[in-house]
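# Chains, contacts and geometry: an overview
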Amino acid sequence: MTVQDLAVESDSSTTPVLELRNLQKYFPVRDGSLGPVKGTLKAVDGVTLSIPKGETFGLVGESGCGKSTLGRTIVGLEKPTGGQILFRGEDLGTASPSRLRSIYRETPMVFQDPLASLNPRMKVVDIVTEGLRVRGARVSARQRRAKAAHLLDVVGLRPEQLDRYPHEFSGGQRQRIGIARALAVDPSMIIADEAVSALDVSVQSQVLNLMSDLQREFELTYVFIAHDLGVVEYISDRIGVMYLGRIVELAPATALAAHPRMPYTQALLSAIPEIEVDDRRERIVLSGEPPSPIDPPSGCPFRLRCWKAQDICRTDRPELLEVKPLHSTACHFPDRD
Amino acid sequence: MTVSTPPRPVAEQPLLEIKDLRGYFRTDNGLVKAVDGISFSINPGASVGIVGESGSGKSVTAFAITGLLEPPGYLAGGTVRLEGQEISGLSDRALQHIRGRDIGMVFQEPMAALNPVVRVGQQIAEAIRAHQQMSRKEAMAKAVQLLRLVGIPAPERRIRDYPNSMSGGMRQRVVIAMAIANEPRLLILDEPTTALDVTVQAQILALVKELRERIGTAVLLITHDLGVVVDVCDEVIVMYGGRIMEHATVEQVVRSPKHPYSVGLLNSVPSGKLKGQRLKAIQGTVPSPHDMPPGCPFASRCPEAFDRCLEMPPLQPQADGRRVACWLHVTEEAPR
């Protein structure tokens, strides 16, 4: 542990693990692959967020809302085009390249498709401990093997499986390997991008249980990105709902589920087919689909599908503001108590 | 609206009757019995859901019913009757006719059913003219009506669109329009909303329910998502390892599942209500299709398994009308 780490550690009780300040990730849109730039895709368009240690923060939204880009930007797979990312109070924009590398190692990502994210030509032992090698620390082959065996045990696989290749495992087992790889670097935060979406429900529940156990054991902070609201509601302490690159509602998971305050979240929640025969809710069926993030509407991005929209929604972009303590919406007409 | 159907005589027989259906695959690693002897029937106008995880055989069931199993897959046994007439074993040509006219089909990936270089109006018109005597002009007019029926705005203009210029949700509406173009008595939907966002899924499911009421077609909906079945269907068939585990009303399965697999499946679904609780996950993984254990396919993961489970239990009718394939629910010894 370096002196710098100690300094940061000393007030870790109050410093959030992750802080985003007006984070933006814009992509130029070209005419063809090499043509002139003809527009801007605002994948992440001003996200401000603070995630304390040990929290599971759920990020939900439909395809194209920018949730995956946000995750990729946090872990350094995309470079932000505006705003700040602070990791335990340290601004990544001003950190040295070597410092950045060491921070990014602490914040691994677990992806949706375990097979695509695991090198098919590498044995499990090498996949799991790859992060240790990159780190440059002098770790002997025997130590790496021992560490890998321990990690497999932690995620519920058998140490005898160390010398197998990814294709010899089932989808759920592969996702466990992805999680073991993430744990190898002693992470403080794991970004899980649709980590259980490709799994069958019976296996998904096993992986969710595993993630909860690991969080308790290692005091992990999770950013859990998924389109499946049932899963996100279940696992998250707090949820941010994204729409066209922005967070439009932010609240503790229970408060959000009990009373979503803005129309998009209300429609999104009511659209989940629930396994319930006693009280079938009236479903809000939205018309249309999310507009293109290349050419978003003026004002509120949701107004074209919103049943509450007024003139102000066309002219003014709503800011993310508290409707009650800890519960914010970006909406001109949120439900209030 | 000309899409409405004339009232049909009250049917004495089921619309679709499946007996001991088997869909097998020849692979390098041996025979895979993807669907291994299932029987069920669908009444006219009914809505039946098949729910199962990957490898349960749910999609192969749809292919086997409609004669779409392609090598290395083949129909290894069983009968399929549509309104009493056996359709398994008919020629490809005859089956093709049945598929467009009597059975409409919608799959997960709309582009699999659409030709990317043909305008959507023309594709629908061709689907109509393949089964009905109608001029091009009339068929095109009907295509416009169908697109309106499935909720596509400004259909007079959209008929000239190519599928590629439409969103996933709109394409799936076009496929549904094609599937119902000839007023089929049965609409088979195989994971119709799996590739779609949840708000678009809600639109498509609402459309399916509305169409069922308006044109009186029966629905067979195949999905991994029990919530989708609960939303759309009255009956549910729970499949695992190529077999039917439980066949009951949706209400019966949701309120009081009987088969241990149905119980496990319901307990596995995470939701806000279970917050803070450990999910009661089903242990283990689906056995490899190359290496199915003898007897009940769920036995190796079943918390209640006992030695009897090495033998496959019959799908036994229960007092409350449902059918369950589990030795715990076999009330009396079947005669040998």
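Residues numbered from 1 in each chain as written. Chains lettered and ligands numbered in written order. Predicted model: local features only at pLDDT ≥ 70, side-chain atom pairs only at ≥ 80, totals over all residues.

## Things to note about the overall build of chain A
Within chain A, the secondary structure is distributed over 13 helices and 12 strands. Scaling as 2.2 N^0.38, a compact globule of 337 residues should have a C-alpha radius of gyration of about 20 Å, and chain A matches this with 21 Å. Taking the principal axes of the C-alpha coordinates as reference, chain A spans close to 65 × 50 × 50 Å. Here chain A holds 337 residues, and the buried ones make up 45% of them. (Helix = DSSP H or I, 4+ residues; strand = E, 2+ residues; numbered from the N terminus. Rg over C-alpha atoms; globule rule 2.2 N^0.38 Å. Buried ≥ 20, exposed ≤ 12 C-beta atoms within 10 Å, placed from the backbone.)

## Some thoughts on the nonpolar core
Counting residues in each nonpolar core, the largest one holds 187 residues, and the members touching the most others are Val223(A), Phe224(A), Val248(A), Ile124(B), Ala177(B), Val229(B) and Val238(B). For Val238(B), the contacting residues outside a window of four places in its chain are Val51(B), Gly52(B), Met245(B), Glu246(B), Val253(B), His259(B), Tyr261(B), Ser262(B) and Leu265(B). (Core = buried A, V, L, I, M, F, W, Y, C linked by C-beta atoms within 7 Å. Contact = placed C-beta atoms within 7 Å.)

## Here's the deal with the interface of chain A and chain B
With 32 residues of chain A in contact, the opposing surface of chain B contributes 38 residues. Listed by contribution, the elements that provide at least two residues to the side of chain A that touches chain B are α9 (201-218), α10 (229-235), α11 (253-258) and α12 (263-271) of chain A. Examining the composition of the side of chain A that touches chain B, we find that 7 residues originate from one element, α9(A), more than from any other. Classifying every residue of the side of chain A that touches chain B gives 16 nonpolar, 10 polar and 6 charged. (Nonpolar A, V, L, I, M, F, W, Y, C, P; charged D, E, K, R; others polar.)

## Brief notes about the pairing of strand β7 (residues 189-193) of chain A
Side-chain direction in a regular strand flips from residue to residue, so the side chains alternate between the two faces of the sheet. Residues and elements named next belong to chain A. Along β7, 5 of the 5 residues are buried, which leaves the element largely enclosed by surrounding structure. Residue alternation in β7 divides its side chains into two sets, Met189, Ile191 and Asp193 and Ile190 and Ala192, and both sets are buried. Relative to β7, strand β6 (residues 109-110) runs parallel, the two being bridged by 2 bridges. Bridged to valine 110 within β7 is alanine 192. (Pairing = 2+ DSSP bridges.)

## Describing the packing of helix α7 (residues 141-154) of chain A against helix α8 (residues 171-184) of chain A
How two helices pack is summed up by the angle between their axes together with the distance between the axes. All names here are of chain A. Orientation of α7 relative to α8, taken along the N-to-C sense of each, is 125°, at an axis distance of 9 Å. Here α7 lies oblique to α8, going by the angle between them. Of the two elements, α7 crosses α8, and the hand of that crossing is right-handed. Between α7 and α8, the contacting residues are Lys147, Leu151, Leu152 and Val154 on the first element and Ala180, Leu183 and Ala184 on the second. Of the residues assigned to the contact of α7 with α8, the class counts are 6 nonpolar, no polar and 1 charged. (Axes fitted to C-alpha atoms, helices over the stretch in contact; angles between N-to-C directions. Parallel < 35°, antiparallel > 145°, perpendicular 65-115°, else oblique. Left-handed = near helix turned anticlockwise from the far one by under 90°.)

## Remarks on unusual backbone geometry
Cis peptide bonds are those with omega within 30 degrees of zero, and the linkage from Pro71(B) to Pro72(B) qualifies with 10°. Inspection of the secondary structure puts Pro72(B) in the loop between α1 (58-66) and β4 (73-82). In the Ramachandran plot, Arg88(A) falls in the positive-phi region, its phi being about 45° despite a non-glycine side chain. Inspection of the secondary structure puts Arg88(A) in the loop between β4 (82-87) and β5 (90-91). On the neighbour-count criterion, Arg88(A) (19 C-beta atoms within 10 Å) is partly exposed. At Glu191(B), a position not held by glycine, the phi torsion is positive, near 45°. When you line up the elements, Glu191(B) lands in the loop between β7 (186-190) and α7 (198-215). For Glu191(B), a count of 19 C-beta atoms within 10 Å puts it in the partly exposed group.

## Points about the confidence of the model for chain A
All names here are of chain A. Per-chain confidence: chain A averages 89 in pLDDT, with 94% of residues scoring 70 or above. Here helix α1 (residues 3-10) is the element of chain A with the lowest mean pLDDT, 44, and strand β12 (residues 327-329) is the one with the highest, 98. Throughout residues 1-10 the model reports pLDDT below 50, and contacts reaching past four residues in sequence, or to other chains, amount to 4 contacts. (pLDDT = per-residue confidence, 0-100.)

## Quick notes on the sheet that holds β4(B)
All names here are of chain B. Pairing within the open sheet is antiparallel, and its 4 strands lie in the order β2-β1-β4-β5. Where the open sheet ends on each side, the last strands, each with one partner, are β2 (30-42) and β5 (85-86). In terms of strand pairing, strand β1 (residues 16-27) meets β4 through 8 bridges, oriented antiparallel. Considered in β4, the bridge of glycine 23 is made with leucine 75. With respect to the sheet, α1 is in contact with β1, β2 and β4, its orientation differing from that of β1 by roughly 110°.

## Section: the environment of Leu68(B)
All names here are of chain B. For leucine 68, the position within the fold is in the loop between α1 and β4. When the 16 C-beta atoms within 10 Å are taken as the criterion, leucine 68 is described as partly exposed. Distance in space between the C-alpha atoms of leucine 68 and leucine 31 is 19 Å, their sequence separation being 37 residues.

## Re the sheet that holds strand β9 (residues 235-240) of chain B
Residue and element names in this part refer to chain B. Read across the open sheet, the 8 strands follow the order β6-β7-β8-β3-β9-β10-β12-β11; overall the sheet is mixed. Unpaired on one side and paired on the other, β6 (103-106) and β11 (316-317) mark the two borders of the sheet. Sheet topology note: the β6/β7 ladder contains 4 bridges and is parallel. Paired with isoleucine 103 across the strands is leucine 186, a residue of β7. Strand contacts of helix α10 (residues 260-268): β9 and β10 (243-249), with the helix running at about 100° to β9, the strand carrying the most contacts.

## Re the environment of Val174(B)
Residue and element names in this part refer to chain B. By secondary structure assignment, the location of valine 174 is in helix α6 (residues 168-179). Residue classification places valine 174 among the buried residues on the basis of 26 C-beta atoms within 10 Å. Counting along the chain gives 27 residues from valine 174 to leucine 147, while the straight-line C-alpha distance between them is 6.7 Å.

## Structural notes on α9(A)
The end-to-end C-alpha distance of α9(A) is 25 Å, a good match for the 26 Å that 18 residues give at a rise of 1.5 Å each. Turning to α9(A), its buried residues number three or more, namely Val201(A), Ser202(A), Val203(A), Gln204(A), Ser205(A), Gln206(A), Val207(A), Leu208(A) and Met211(A). As for α9(A), its buried residues are in contact with α8 and α10 of chain A together with α10 of chain B. Looking at the residues trailing α9(A), positive phi occurs at Glu219(A), about 50°. (Expected span 1.5 Å × (residues − 1).)

## Thoughts on the packing of α12(A) against α7(B)
Across the interface, α12(A) lies against α7(B) with an axial gap of 8 Å and an inter-helix angle of 60°. Comparing the axis directions of α12(A) and α7(B) gives the class oblique. Of the two elements, α12(A) crosses α7(B), and the hand of that crossing is left-handed. For the pair α12(A) and α7(B), the contacting residues are Ala267(A), Leu268(A) and Ala271(A) in the first and Val198(B), Thr199(B), Gln201(B) and Ala202(B) in the second.

## Comments concerning the pairing of strand β2 (residues 37-51) of chain A
Residue and element names in this part refer to chain A. Pairing between strand β1 (residues 18-30) and β2: 11 bridges, direction antiparallel. Paired with leucine 23 across the strands is valine 47, a residue of β2. Here β1 folds back onto β2 in antiparallel fashion, the turn holding 6 residues, of which glycine 32 has a positive phi close to 75°.

## Brief notes about the environment of Ala139(B)
Residue and element names in this part refer to chain B. Take alanine 139: it is sitting in helix α4 (residues 136-149). Separated by 17 residues in sequence, alanine 139 and glutamine 122 place their C-alpha atoms 8.7 Å apart. Residues in contact with alanine 139, not counting those within four places in the same chain, are Ala125, Ile128, Arg129 and Met134.

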